[in-house]
Amino acid sequence: PRSEILWRALIALTEGSQDVVQKARTACPNDPDIWMASLVTRAGREGGGSWVNAEIEKAAAGKEYPPGTMVCAGNFFLRRGLVEAASIAARSAIERCRGALPAYMLGLQCALTVKDTKWALSCALNGAENARDPGPFFKLVVDIKSLGRMTDADGVAALEYLKEHFPKEMQWSERLGDVYFQKGDLKRAMEVLDRIVTGNLKEVKVRSLLLAAESARQEGETARAIGILE
C-alpha cells in the first residue's frame, strides 16, 4: 500500500480518479508525481483559487519536491493563467536548480508575463551562462536591455557574442556600433561599423551609416567620413 510506483500506475489507469489520488497522497505524501497528480485533479475540479498559492508556497518553503517537479507545477499553472503560483514555483526551482535550463525558462516566461524586466534579465543571463548554445538567451538579453539602458557590461557582452556567432545578421553589429557610440568609444564604434559600411548597403540602416560617418569625423578621419556619407 505504500508503493509509489503502484499508486502512480493506478492513478494513470483510473485517469486521475479523485478518490484514488487522495488515497495515494495519504499513502505516499512525499512522492512528487503523486503531488502533481493531486494539483492537476484539484485544479480540474475547483479551478484556481487561494488554495493554489497556498499549496505552492508550502511546497516551496518545505523544499519537499525536486526543482524539476516545481518546474512542472509552474508550467501547469502558467498555462492556466495562474502566474503568481507559477512564479512562486519558478523561484523555488531556480534557487535549487544548479544550472538546469528549464527552471530559467519558466522564470523567463513568468517574468515577461508580468513585465518584471529585472527578473527576466537575471533568468536570461543565467540561462546563457549554463546553456550549451547561449545564443537564444543573449538575444533575449539584448531585447530586454533595449527597453532600458543598453550600454552596461551585460548588454555589450551579449552583442559582442551575437556579432561574432551570427555574422550574417547585420543587426547585431549595427546595435553594437550604436552602443559604443553612445558610450563615447568612437574608435571601437568605427571598427564595428566599418564591416557594415563596406558590405551591402541596401541592408544597412541610415542611422548606422550616420554613426559610422560621425565616428570617423570625430576621430579626425574627415575623408573617410565624407566617403561614408557619399
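This text follows the structure it describes.
So, how was this worked out
Residues numbered from 1 in each chain as written. Predicted model: local features only at pLDDT ≥ 70, side-chain atom pairs only at ≥ 80, totals over all residues. Heavy atoms only, no water. Core = buried A, V, L, I, M, F, W, Y, C linked by side-chain atoms within 4.5 Å. Buried < 20%, exposed > 50% of the residue type's maximum accessible area, 1.4 Å probe, protein only. Helix = DSSP H or I, 4+ residues; strand = E, 2+ residues; numbered from the N terminus. Contact = heavy atoms within 4.5 Å. Disulfide = S-S within 2.5 Å. Phe/Tyr/Trp six-rings, centres within 6.5 Å; stacked < 30°, edge-to-face > 60°. Lys NZ or Arg CZ within 6 Å of the ring centre and 35° of its normal.

Engineer: Just give me the short version of the nonpolar core, but keep the residues and values in it.
Structural biologist: Within the largest apolar cluster, 53 residues are counted, with the highest numbers of intra-cluster contacts made by Trp35, Leu39, Ile56, Met70, Phe77, Leu108 and Cys110. In terms of residue count, helix H6 (residues 83-96) provides more of this core than any other element does, seven residues in total. Excluding anything up to four places from it in sequence, Cys110 contacts Leu78, Val83, Ala86, Ser87, Ala90 and Trp119. By size, the runner-up hydrophobic cluster in this structure holds 10 residues, among which are Ile196, Val197, Leu209 and Leu211.

Engineer: Just give me the short version of the state of the cysteines, but keep the residues and values in it.
Structural biologist: Inspection of every chain in the model, using the stated rule, returns zero disulfides. Unpaired in this structure, Cys72 has its nearest cysteine sulfur neighbour in Cys110, at a distance of 14 Å. For Cys72, a relative accessible area of 46% gives the class partly exposed. Cys110 sits in the buried class, given a relative accessible area of 0%.

Engineer: Account for the packing of aromatic side chains, with residues named and values stated.
Structural biologist: Scanning all chains against the criterion turns up four aromatic pairs. An angle of 70° between the planes, with centres 6.5 Å apart, marks the rings of Trp51 and Phe77 as edge-to-face. Placement of the pair is Trp51 in helix H4 (residues 50-62) and Phe77 in helix H5 (residues 67-79), with a sequence separation of 26 residues. Taken as a pair, Trp51 and Phe77 share a single burial class, namely buried. Taken together, a centroid distance of 5.2 Å and an interplanar angle of 65° make the contact between Phe76 and Phe77 edge-to-face. Of the two residues examined, Phe76 and Phe77, each falls in the buried class. Following the ring pairs from residue to residue traces out a cluster consisting of Trp51, Phe76 and Phe77. The ring of Trp119 carries Arg91 above its face, with NZ or CZ at 3.7 Å from the centroid. Directly above the aromatic system of Phe166 lies the positively charged group of Lys139, at a separation of 4.3 Å from the ring centroid.

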